[in-house]
Amino acid sequence: MSPCEHFDDLNRYMDGELAPEQAAAMEQHLRACTDCRQTLSRLQTLGSGIRDLPTPRVDGRILDEVFLQAHRIEKPHRHLVLRRHPWLMAAAAMLIVALGVASVGVMARWTPEVKPAADVPSIVRFVASPRFKQLTEKERAPYIDVLRQQPNKISEFERQGQITAAERDRALQVLMEDQVVRAVEGYYALQPGLERQQYLDRLLADQEKRAKHLSMPSGSSANELMEAVPAHERTRVGQFLEELRRRQEGRGGLKAPATLP
Amino acid sequence: LSSRQGEHRGEQLSEAAFREVFERHGDALLRLALALTGRLADAEDLVQETLLAAFEQFDTFEGRSSVYTWMRRILLNRASNVARSRRIRLAEPLGEDEAGPAAGFLTPAESAEQRMDVRAMLDTLSPEFREVLVLRELEGMSYQEIACELSLPRGTVESRLFRARRELADRFSGYLGQETGERRAV
């Protein structure tokens, strides 16, 4: 394109930024100037090319990820922690089992008031549904409270055919995730030192007593657990699990890998 | 959401309501982000960051503009932060065998064989030029609106816009001439 002294005004004309009399003068010039007509044509082609750029539809999973992050669940951080500390994964997995069988006892101290519910199977189904994941922590609490009061009923409902096995598993998982967070809260509510050690010992003893034939859950369960831990709690949960691991080692249980990263 | 905009002004938005915002404006945000970044993965990251910020800060939305305008401002801020911090060329550079200054201009015969690749053209612009051009052409914003949006003097907006267009018109005269049926020797 050859330089044209009218280039700037040509842009303004095309963009509707000239005053009416200036625009009229430009139109008059265009009638006489081939270069400017060609330049204008190119600029218009460029503009329509940009407006017609093909764009894929936005992926709805982006929004799911946004909601996850908004709930302070940071996957990369979580996975980094677990990959770098395989023993932490093992400790988390062990804790899930320990808490899964310890529905009373140690946990009972931090169980809040019972919230009456007319139809518990419906609540279980809701807790197991994808919609439940979309609730805020605060919105989830009353439903989890109901399940916490009667964890054994969940399996019973499944046996009675009131809920599916998948709903039972998901609801139990939600319950266990919640219990882990509560266990951590309970741990930090105690004074550092002896009180906390005793607390961990009770947890571990409970596990040993109730789960002699313990089968470790898969890594994905531990992953799901950590997904449920809010980011602002993650450091505390990590420390808690590490302390738990130490106590476990002291009791001749779980061993840390020979070389830690 | 515009009809219900007032209901949400200055409030924390529920996920269901925000999903509505997303369904209404998500595609337009991605379109803008893609034009600014040139890569789908970068564009999706940018949209995701924008949505997260909008969702978390919805209570700061005062309703002085439309929800889309408000979210677009967030997106532009984030896009310029990324560009500033990384100084990235917001897309893969053109190869030597592709249209671009290094390859010289396409002759009309060559250009007849190829579609005009506008995205590749935009990729040759600096982020600052590209931003102004995209806001004008894609978003249809006036010079003054762009100036306000980017906190720039109007003269700077004009200068960047005109230079962006001149660069592209010069570099891709083969394409642009072909598209309009005006084949100029280059």
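Residues numbered from 1 in each chain as written. Chains lettered and ligands numbered in written order. Predicted model: local features only at pLDDT ≥ 70, side-chain atom pairs only at ≥ 80, totals over all residues. Heavy atoms only, no water.

**Focus: the overall build of chain B**
1) Next: Along chain B, the regular secondary structure elements total 10 helices and 0 strands.
2) Next: For chain B, the succession of helices and strands along the chain, N to C, is α-α-α-α-α-α-α-α-α-α.
3) Next: In chain B, of all internal contacts separated by at least 6 residues, the share reaching a separation of at least 24 is 70%.
4) Next: Total accessible area on chain B stands at roughly 8,600 Å², and carbon and sulfur atoms take up 44% of it. (Helix = DSSP H or I, 4+ residues; strand = E, 2+ residues; numbered from the N terminus. Contact = heavy atoms within 4.5 Å. Areas by Shrake-Rupley, 256 points an atom, 1.4 Å probe, with all protein chains shown as cover.)

**Here's the deal with the pattern of salt bridges**
Oppositely charged side chains are able to pair whenever their charged atoms sit close together.
1) Next: Scanning all chains against the criterion turns up 19 salt bridges over all chains.
2) Next: The salt bridge involving Arg78 of chain B is made with Glu49 of chain B; its shortest N-O contact spans 3.7 Å. In this pair, Arg78 of chain B sits in helix H4 (residues 67–86) while Glu49 of chain B sits in helix H3 (residues 40–56), placing the two residues 29 residues apart along the sequence.
3) Next: Taken together, the shared-partner salt bridges in this structure form one network comprising Asp9, Arg12 and Glu17 of chain A together with Arg154 and Glu158 of chain B. (Salt bridge = Lys/Arg side-chain N within 4 Å of Asp/Glu carboxyl O.)

**Re the interface of chain A and chain B**
1) Next: Each side of the interface is counted separately: chain A has 43 residues, and chain B has 45 residues.
2) Next: Roughly 4,200 Å² is buried in total at the junction of chain A and chain B, and carbon and sulfur atoms are behind 59% of that figure.
3) Next: It is Arg42, Leu46 and Ile50 of chain A in chain A that bury the most area against chain B; as a group they hold 16% of the surface buried on that side.
4) Next: The interface formed by chain A and chain B holds 7 salt bridges in total.
5) Next: We note a salt bridge from Arg12 of chain A to Glu158 of chain B, for which the minimum N-O separation is 2.8 Å.
6) Next: Taken together, the connections running from chain A to chain B amount to 14 residue pairs in polar contact (both at pLDDT 80 or more).
7) Next: Of all the secondary structure elements, the ones that give two or more residues to the side of chain A that touches chain B are helix H1 (7–14), helix H3 (34–51) and helix H4 (61–70) of chain A. (Buried area = accessible area lost by both parts, 1.4 Å probe. Polar contact = N/O pair within 3.5 Å; in protein donor to acceptor, adjacent residues only side chain to side chain.)

**A look at the packing of aromatic side chains**
Each aromatic ring pair is characterised by the separation of its centres together with the angle its planes make.
1) Next: Inspection of every chain in the model, using the stated rule, returns 10 aromatic pairs over all chains.
2) Next: Ring pairing ties together the aromatic residues Phe67 of chain A together with Phe18 and Phe55 of chain B, which thus form one cluster.
3) Next: Arg166 of chain B extends its terminal NZ or CZ atom over the ring of Phe7 of chain A, reaching a point 4.0 Å from the ring centre. (Phe/Tyr/Trp six-rings, centres within 6.5 Å; stacked < 30°, edge-to-face > 60°. Lys NZ or Arg CZ within 6 Å of the ring centre and 35° of its normal.)

**So, H3 of chain A**
1) Next: Between its first and last C-alpha atoms H3 of chain A spans 26 Å; for 18 residues at 1.5 Å apiece the expected length is 26 Å, and the two agree.
2) Next: Residues of H3 of chain A that are buried: Cys36, Gln38, Thr39, Leu40, Ser41, Arg42, Leu43, Thr45, Leu46, Gly47, Gly49 and Ile50 of chain A. (Expected span 1.5 Å × (residues − 1). Buried < 20%, exposed > 50% of the residue type's maximum accessible area, 1.4 Å probe, protein only.)

**Structural notes on the side chain of Arg119 of chain B**
1) Next: Residue position: Arg119 of chain B is located in helix H6 (residues 118–123).
2) Next: From its side chain, Arg119 of chain B meets the backbone oxygen of Pro54 of chain A in a polar contact 2.6 Å long.

**Details of the nonpolar core**
1) Next: Phe18, Leu51, Met71 and Leu122 of chain B are the most contacted members of the largest nonpolar core, which has 71 residues in total.
2) Next: Looking at which element gives the most residues to this core, the answer is helix H2 (residues 15–37) of chain B, with 10 residues.
3) Next: With sequence-adjacent residues up to four places away left out, Leu122 of chain B is seen in contact with Ile50 and Leu53 of chain A together with Ala35, Arg130, Leu133, Val134 and Leu168 of chain B.
4) Next: Core analysis: the second largest hydrophobic core is formed by 16 residues, Ile123, Val146, Ile154 and Leu175 of chain A among them. (Core = buried A, V, L, I, M, F, W, Y, C linked by side-chain atoms within 4.5 Å.)

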